[in-house]
Amino acid sequence: MPSISLTRHLIEEQRSGHVTPDLRLLLEVVARACKRISVAVGKGALGDVLGEAAAAGGGDSINVQGEAQKKLDVISNEILLEANAWGGHLAACASEEMEHCQQIPDAFPRGNYLLVFDPLDGSSNIDINASVGTIFSVLRCPEGVSAAQDHDFLQAGSTQVAAGYCLYGPSTMLVLTIGHGTHAFTLDREQGSFVLTTGHMRIPAQTREFAINMSNQRHWEAPTQAYVGDLLAGQDGPRGQDFNMRWVAAMVGDVHRILTRGGIFIYPWDRKDPAKPGKLRLMYEANPMAMLVEQAGGAATNGRTRILDIAPTSLHQRVPVFLGSKDEVETATRYHLQHDASAAA
Ligand code: FDP
């Protein structure tokens, strides 16, 4: 059986009518940019890419989220912007690292898609040489819009035409959906191409593995406390079985584990910072991951509502996230809905 490259996979999807020529080329450009980021990440300490980015006026650079920017956050953002500027497939790009979307420069033709990305998710893992990744989501530019603005990106996740991530781990993997299954490609470093290694990934409906930052436990709301408490009670508790915990501390790594062998990943709402309704961002973390997970048979909610049904109100909006094995996500969601119902009674 000859190996199937990403290029061949996308051409076959185009022949099946699942992807337009423009979207195919756009995804190829994103994949090419991810290869460049993979090279930069792989250089580590030899490439002068580790550590904090410097602000123009001195000191550490802070992004729009109020978070310190790593050099690799900035490098990855620039690679994605530059790679996507000239292809003619995009109307605009938005990124975790930029307050507002960026239109395609006038020198190049503008296309019909919008690209939104987290250039380097899990960047606190960079300096310890652990997995990080790029997460991206592709939306249609609304009809008749010639100069896309932030509000043109504010579409529910269910309208995404493609979503994916590239994981920079021991191997570099691109995991992609265009709404017809979730497929994983591994970068063949000698050939320089992504090769299909797992087609139609499937997340088992049941699991005994969960992922959550337990250090925030005291800040969680009551139903999250109750749900995780029952997982921790193991065999002696109401669930009647032991659960194991895994936490990569980069969403892209935790979601990859779940797509590979199941589990539930949770970043709940907490009281640590009441101004933030969750840590993760809807447009370029929760939405693309929710689409990938649903396309692999899993589920994704904010504890109450399906993530892909949430109507966004701002580009950098945060949401609580519960995603992974379908039965387990439904169980966790039930704890929250039952709590709300008894509080309202
Ligand atoms: P990071 O801040 O390192 O970029 O989206 C941000 C994220 O990582 C996720 O990848 C990860 O799951 C989470 O934050 C970890 O945050 P905490 O260490 O604050 O729990």
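Model, not experiment: these values are computed from the prediction.

*Asks:* Hey, could you go over the pattern of salt bridges for me, with residue numbers and the actual values?
*Replies:* The tally for this structure, following the rule as stated, stands at 17 salt bridges. Taking the shortest distance from any N to any O, the salt bridge between Arg 257 and Glu 209 comes out at 3.8 Å. Of this pair, Arg 257 sits in helix 5 (residues 251-261) while Glu 209 sits in strand 9 (residues 209-211), and the two are 48 residues apart along the sequence. Comparing Arg 257 with Glu 209 shows no difference in burial state: the two are buried. Glu 330 is the partner of Lys 326 in a salt bridge, and the nearest nitrogen-oxygen pair spans 3.2 Å. Here the residue Lys 326 and the residue Glu 330 both occupy positions in helix 7 (residues 326-344), the gap between them amounting to four residues, near one helical turn. Lys 326 sits in the partly exposed class, given a relative accessible area of 36%. Taking relative accessible area as the criterion, Glu 330 reaches 39% and is therefore assigned partly exposed. What emerges from the salt-bridge pattern is a single network uniting Glu 209, Asp 254, Arg 257 and Arg 261.

*Asks:* Break down the sheet that holds strand 13 (residues 299-301) for me, with residues and values.
*Replies:* Hydrogen bonds between backbone atoms are what pair the strands of a sheet, whose relative direction is either parallel or antiparallel. With respect to topology, five strands assemble into an open sheet ordered 10-9-11-15-13, the strand pairing being mixed. The sheet is open, and its two borders are formed by strand 10 (244-245) and strand 13, each paired with just one other strand. Where strand 9 meets strand 11 (residues 264-267), two bridges bridge the pair, whose relative direction is parallel. Directly across from Ala 211, in strand 11, lies its bridge partner Phe 265.

*Asks:* Describe the UniProt feature "domain: Fructose-1-6-bisphosphatase class 1 C-terminal" (unreviewed entry) in the protein, and please don't skip the residues or the numbers.
*Replies:* Under the present numbering, the feature "domain: Fructose-1-6-bisphosphatase class 1 C-terminal" (unreviewed entry) in UniProt falls on residues 203-336. This span, residues 203-336, is 36% helix and 15% strand, and a straight line between its end C-alpha atoms measures 23 Å.

*Asks:* Hey, could you go over the nonpolar core for me, with residue numbers and the actual values?
*Replies:* General note: in soluble globular proteins, nonpolar side chains tend to be found buried as a group. Counting 41 residues, the largest nonpolar core has Leu 23, Leu 27 and Val 138 as the members making the most contacts within it. Per element, the largest residue contribution to this core is ten residues, and it comes from helix 2 (residues 21-43). If near-sequence neighbours (up to four positions away) are discounted, Val 138 is found in contact with Leu 23, Leu 26, Leu 27, Tyr 113, Leu 114, Leu 115, Gln 160, Val 161 and Ala 162. If you look at the next biggest cluster of nonpolar residues, it comprises 34 residues, including Ala 163, Ala 211, Leu 280 and Leu 308.

*Asks:* Describe the sheet that holds strand 2 (residues 102-103), naming the residues involved and giving the relevant values.
*Replies:* Taken in spatial order, the eight strands of this open sheet run 2-1-3-4-5-6-7-8, and their pairing is mixed. Two strands lie at the open edges of the sheet, namely strand 2 and strand 8 (193-198), each paired on one side alone. Strand contacts of helix 2: strand 1 (90-95), strand 3 (113-121), strand 4 (132-140), strand 5 (162-168), strand 6 (172-177), strand 7 (182-188) and strand 8, with the helix running at about 165° to strand 4, the strand carrying the most contacts. Sitting on the sheet, helix 6 (residues 282-295) is in contact with strand 1, strand 3, strand 4, strand 5, strand 6 and strand 7, with an inclination near 85° to strand 4.

*Asks:* How would you sum up unusual backbone geometry? Please name residues and give values.
*Replies:* A positive phi is found at Asn 129, a non-glycine position, where the angle reads about 60°. The topology assignment puts Asn 129 in the loop between strand 3 and strand 4. Accessibility expressed as a relative area gives 75% for Asn 129, which makes it exposed. Residues other than glycine seldom take positive phi values, yet His 200 does so here, at roughly 45°. Mapped onto the elements, His 200 comes out in the loop between strand 8 and strand 9.

*Asks:* Can you break down the site of the ligand residue by residue, with the values?
*Replies:* Around the ligand there are 15 residues in total, and Ser 124, Asn 213, Met 251, Tyr 267 and Glu 285 lie nearest to it. Here Asp 121 contributes a side-chain N or O atom positioned 2.8 Å from an oxygen atom of the ligand. Elements that contribute at least two residues to the shell around the ligand include exactly strand 11 and strand 12 (280-281). Residues belonging to the shell around the ligand are distributed by class as follows: seven nonpolar, four polar and four charged.

*Asks:* Describe the packing of aromatic side chains, naming the residues involved and giving the relevant values.
*Replies:* Taken as a whole and judged by the stated rule, the model has three aromatic pairs. Where Tyr 227 meets Tyr 335, the ring centres are 5.3 Å apart and the plane angle is 75°; that geometry is what we call edge-to-face. Of this pair, Tyr 227 sits in helix 4 (residues 222-233) while Tyr 335 is found in helix 7, placing the two residues 108 residues apart along the sequence. Aromatic side chains Trp 247 and Phe 265 sit 5.9 Å apart centroid to centroid with 5° between the ring planes, which places their arrangement in the stacked category. Note that Trp 247 is positioned in the loop between strand 10 and helix 5 and Phe 265 in strand 11, a separation of 18 residues in sequence.

*Asks:* Give a detailed account of helix 7, specifying residues and quantitative values.
*Replies:* Under the 1.5 Å per step criterion, the end-to-end length of helix 7 is 27 Å for 19 residues, consistent within 8% with the ideal 27 Å. Along helix 7, the residues that are buried comprise Glu 328, Val 329, Thr 331, Ala 332, Thr 333 and His 336. Buried residues along helix 7 sit against helix 4, strand 11, strand 13 and strand 15 (321-324).

*Asks:* Lay out the environment of Val 39 in plain terms, naming residues and giving numbers.
*Replies:* Looking at where Val 39 falls in the secondary structure, it is placed in helix 2. With 131 residues separating them along the chain, Val 39 and Pro 170 place their C-alpha atoms 12 Å apart.

*Asks:* Tell me about the UniProt feature "binding site: Mg(2+) 1" (unreviewed entry) in the protein, residues and numbers included.
*Replies:* UniProt feature "binding site: Mg(2+) 1" (unreviewed entry): in the numbering of this structure it lies at Glu 96, Asp 118 and Leu 120. With the annotated positions falling across 25 residues, the maximum pairwise C-alpha distance of 9.0 Å places them together in a single cluster. Position of Glu 96 relative to the elements: it lies in the loop between strand 1 and strand 2. Among the residues examined, Glu 96 registers a relative accessible area of 4% and is labelled buried. You can see Leu 120 is positioned in strand 3.

Each value, and the rule that gives it
Residues numbered from 1 in each chain as written. Predicted model: local features only at pLDDT ≥ 70, side-chain atom pairs only at ≥ 80, totals over all residues. Heavy atoms only, no water. Salt bridge = Lys/Arg side-chain N within 4 Å of Asp/Glu carboxyl O. Helix = DSSP H or I, 4+ residues; strand = E, 2+ residues; numbered from the N terminus. Buried < 20%, exposed > 50% of the residue type's maximum accessible area, 1.4 Å probe, protein only. Pairing = 2+ DSSP bridges. UniProt positions renumbered as here; feature names shortened; annotations may be inferred. Core = buried A, V, L, I, M, F, W, Y, C linked by side-chain atoms within 4.5 Å. Contact = heavy atoms within 4.5 Å. Axes fitted to C-alpha atoms, helices over the stretch in contact; angles between N-to-C directions. Near = heavy atom within 4 Å. Polar contact = N/O pair within 3.5 Å; in protein donor to acceptor, adjacent residues only side chain to side chain. Nonpolar A, V, L, I, M, F, W, Y, C, P; charged D, E, K, R; others polar. Phe/Tyr/Trp six-rings, centres within 6.5 Å; stacked < 30°, edge-to-face > 60°. Expected span 1.5 Å × (residues − 1).

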